[in-house]
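Structure at a glance
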Amino acid sequence: LRAEPNNRAVRVELAGIKKEVEAGRAKEKERLQKAFSQQGGSSFLYNDKEEEERRKAEEKKAREEAKAEELKKRKVEWEDECVKRMSNNEEAISFEDWEKEQKKKQEEE
């Protein structure tokens, strides 16, 4: 083009090449945006990390629920024990004291 600035064929070819380069850049930009975007809550580059975090959160929630259920069960047992004590004209004990007694019994066994 510098040697022959009036050459129409060279200018047409140069314009076509520029369009192809620009289209390639646009496609690359779109791919990179898709790779690093957070659309839909995740990017395919970080899916494994996010899945691991989600799994850990679910496990933690399940452990907490199991712990809460166990506590609820122990409190029901404590209430039953208090009712038995009161029916035998004994004094009811606090949940903490009852729990300490239960732990001692388990350690002895």
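Residues numbered from 1 in each chain as written. Predicted model: local features only at pLDDT ≥ 70, side-chain atom pairs only at ≥ 80, totals over all residues. Heavy atoms only, no water.

1. Section: the overall build of the protein
To keep things clear, this is the line we draw: Where helices and strands are cited, they refer to DSSP runs of H or I of at least four residues and of E of at least two residues respectively, numbered from the N terminus. Relative accessibility decides the category of a residue: with a 1.4 Å probe and only protein chains considered, values under 20% of the type maximum give buried, values over 50% give exposed, and everything between is partly exposed. By definition, residues are in contact when any of their heavy atoms lie within 4.5 Å. Only the protein chains shown count as cover for residues, with accessible areas throughout obtained via the Shrake-Rupley method and a probe of 1.4 Å.
Scanning the protein from terminus to terminus reveals three helices and zero strands. Start at the N end of the protein and walk to the C end: the helices and strands fall as α-α-α. Here the protein holds 109 residues, and 9% of them are scored as buried. Pairs at least 24 residues apart make up 9% of the contacts formed inside the protein by residues separated by at least 6 positions. About 10200 Å² of surface is accessible on the protein, with carbon and sulfur atoms providing 50% of the total.

2. Details of unusual backbone geometry
The residue Asn 89 is not glycine, and still its phi comes out positive at about 60 degrees. On the basis of relative accessibility, which here comes to 74%, the residue Asn 89 falls in the exposed class.

3. Observations concerning the pattern of salt bridges
The condition is simple: By definition here, a salt bridge exists when the distance from a side-chain nitrogen of Lys or Arg to a carboxyl oxygen of Asp or Glu is within 4 Å.
Scanning all chains against the criterion turns up seven salt bridges. With a shortest N-O distance of 2.8 Å, Glu 28 and Arg 31 are connected by a salt bridge. Residue Glu 28 and its partner Arg 31 are located together in helix α1 (residues 8-36), separated by three residues, close to a single helical turn. The exposure class assigned to Glu 28 is partly exposed, which follows from its relative accessible area of 37%. Looking at Arg 31, the relative accessible area reads 53%, which means it is exposed. Across the pair Arg 55 and Glu 52 runs a salt bridge whose closest N-O atoms are separated by 2.4 Å. Linking Arg 55 with Glu 52, this pair stays in helix α2 (residues 47-87), spanning three residues, or about one helical turn. Using a relative accessible area of 34% as the deciding quantity, one classes Arg 55 as partly exposed. Taken together, the shared-partner salt bridges in this structure form one network comprising Glu 52, Arg 55 and Glu 59.

4. What about a negative patch on the surface?
Where we set the bar: Patch membership requires more than 30% relative accessible area and the absence of a salt bridge. Residues of like charge join within 9 Å; the nonpolar side chains Val, Leu, Ile, Met, Phe, Trp and Tyr join within 5 Å. Under this rule, positive means Lys or Arg and negative means Asp or Glu; His and the chain ends count for nothing. We put the charge of a Lys on NZ, of an Arg on CZ, of an Asp on CG and of a Glu on CD.
On the surface, Glu 69, Glu 70, Glu 77, Glu 79 and Asp 80 cluster together into a negatively charged patch. Position of Glu 77 among the secondary structure elements: in helix α2.

5. As for the side chain of Arg 85
With respect to the element layout, Arg 85 can be found in helix α2. Those residues in contact with Arg 85 that sit more than four places away from it in its chain are Glu 90, Glu 91, Ala 92, Ile 93 and Glu 101.

6. Focus: α1
Let me state the cut-off plainly: The span you would expect from a helix comes to 1.5 Å times its residue count less one. Counted as a polar contact is a pair of N or O atoms within 3.5 Å, where, for protein atoms, one must be capable of donating a hydrogen and the other of accepting one, and residues adjacent in sequence contribute only when both atoms are in side chains.
Here α1 contains 29 residues, and its C-alpha end-to-end distance of 42 Å stays within 8% of the 42 Å for a straight helix at 1.5 Å per residue. Of the residues flanking the start of α1, the one acting as N-cap is Asn 7, its side-chain oxygen 3.2 Å from the backbone nitrogen of Ala 9.

7. A word on the packing of aromatic side chains
Worth spelling out the cut-off: Only Phe, Tyr and Trp rings take part, Trp by its six-membered ring, and two of them pair if their centres are within 6.5 Å. Stacked means planes under 30 degrees apart, edge-to-face means over 60, and tilted covers everything else. Only when the NZ atom of a Lys or the CZ atom of an Arg is both within 6 Å of the ring centre and within 35 degrees of the ring normal do we say a charge sits over the ring.
Enumeration according to the criterion identifies two aromatic pairs in this entry. An aromatic cluster of three or more residues is present, and its members are Trp 78, Phe 95 and Trp 98. Across the ring face of Phe 95, the terminal group of Lys 75 is positioned such that the distance to the ring centre comes to 5.3 Å.

Purely spatial values, then, with no claim about function.
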